[in-house]
Amino acid sequence: MRQAIAVATESANSGGGPFGALIVKDGVVIATAHNQVTATNDPSAHAEVSAIRAACTALDTFVLEGCTLITSCEPCPMCLSTALWARIDRLVFSADRDDAAAAGFDDRRFYELFEKKPQAEWPLQVVHLDLPNRTAPFDAWIAKSDRIDY
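Worth saying up front: this structure is predicted, and the values here are computed from it rather than measured.

Enquirer: Describe unusual backbone geometry, with residues and values.
Expert: The phi dihedral of Asp60 falls on the positive side, at around 55°, and the residue is not glycine. Structurally, Asp60 can be placed in the loop between helix 3 (47–59) and strand 3 (67–73).

Here it is in C-alpha cells:
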C-alpha cells in the first residue's frame, strides 16, 4: 500500500491525478500505474485500469486470477468493473470515495446512479433498439470453433 500511495503522490506532484495502483501476484509486483486522464485526454486512463492493462500485457493474458489490485483509493465503478472482468482475486484500497470527493474527485454520484436511479433519470440518455438482427454478432461468435471464451 505504501508503494501505491507513493505512486499516487508522485503522480499528483508531477501533473497527473492523485491515484496510484499496482498488481501483485505471488508477492511480486507485476505492474504499477498512476492516473493519466488529463495527461492523455483519456477518461479511462485511471490508475487501476492502467495497472490492469499493464499486468495483462506483462503476463500475456486477459485473466488476472491469483492477482491482487492494490490502489491508493477506493476504485470508481469503472475500475471496479474492470477488476471484476479481469477476474482479480483481491482488492485492497486505502482512501475511500468520500476522501476522493473532498479532493474534488466525486465519483459517489456514479455509485448512486447505478444503485438508486432508474435509467430514465440518468444524465446520459440510454436507448435500447430491439432490432431483429441484434444477436447476429453473438450468433457468429457462438459458431466460431476457435473462439477464446472469457
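Enquirer: Describe the side chain of Glu48, naming the residues involved and giving the relevant values.
Expert: Mapped onto the elements of the fold, Glu48 is located in helix 3. Buried Glu48, no salt bridge; nearest opposite-charge side chain is Arg53, N-O distance 11 Å. A polar contact is formed between the side chain of Glu48 and the side chain of Thr71, at a distance of 2.9 Å. With residues near it in sequence (within four places) discarded, Glu48 still touches Ala21, Leu69, Thr71, Cys73, Pro75 and Cys79.

Enquirer: Break down the packing of helix 3 against helix 4 (residues 77–85) for me, with residues and values.
Expert: Between helix 3 and helix 4, whose axes approach to 8 Å, the crossing angle comes to 25°. By the angle between their axes, helix 3 is roughly parallel relative to helix 4. The handedness of the crossing between helix 3 and helix 4 is left-handed. Contact residues: Glu48, Val49 and Ile52 in helix 3; Met78, Cys79, Thr82 and Ala83 in helix 4. When grouped by side-chain class, the residues that make up the contact of helix 3 with helix 4 number 5 nonpolar, 1 polar and 1 charged.

Enquirer: Now, about the sheet that holds strand 2 (residues 28–34): what can you tell me, with residues and values included?
Expert: The sheet built from 4 strands is open, its strands ordered 2-1-3-4 with mixed pairing. Where the open sheet ends on each side, the last strands, each with one partner, are strand 2 and strand 4 (90–95). Along the sheet, successive strands turn relative to each other by an average axial angle of 15°, direction set aside. Where strand 3 meets strand 4, 5 bridges bridge the pair, whose relative direction is parallel. Paired with Thr68 across the bridge in strand 4 is Arg90. Relative to strand 2, helix 1 (residues 2–13) is tilted by about 25°, and along the sheet it contacts strand 1 (20–25), strand 2, strand 3 and strand 4.

About the thresholds
- Residues numbered from 1 in each chain as written.
- Predicted model: local features only at pLDDT ≥ 70, side-chain atom pairs only at ≥ 80, totals over all residues.
- Heavy atoms only, no water.
- Helix = DSSP H or I, 4+ residues; strand = E, 2+ residues; numbered from the N terminus.
- Buried < 20%, exposed > 50% of the residue type's maximum accessible area, 1.4 Å probe, protein only.
- Lys, Arg positive; Asp, Glu negative; His and termini not counted.
- Salt bridge = Lys/Arg side-chain N within 4 Å of Asp/Glu carboxyl O.
- Polar contact = N/O pair within 3.5 Å; in protein donor to acceptor, adjacent residues only side chain to side chain.
- Contact = heavy atoms within 4.5 Å.
- Axes fitted to C-alpha atoms, helices over the stretch in contact; angles between N-to-C directions.
- Parallel < 35°, antiparallel > 145°, perpendicular 65-115°, else oblique.
- Left-handed = near helix turned anticlockwise from the far one by under 90°.
- Nonpolar A, V, L, I, M, F, W, Y, C, P; charged D, E, K, R; others polar.
- Pairing = 2+ DSSP bridges.

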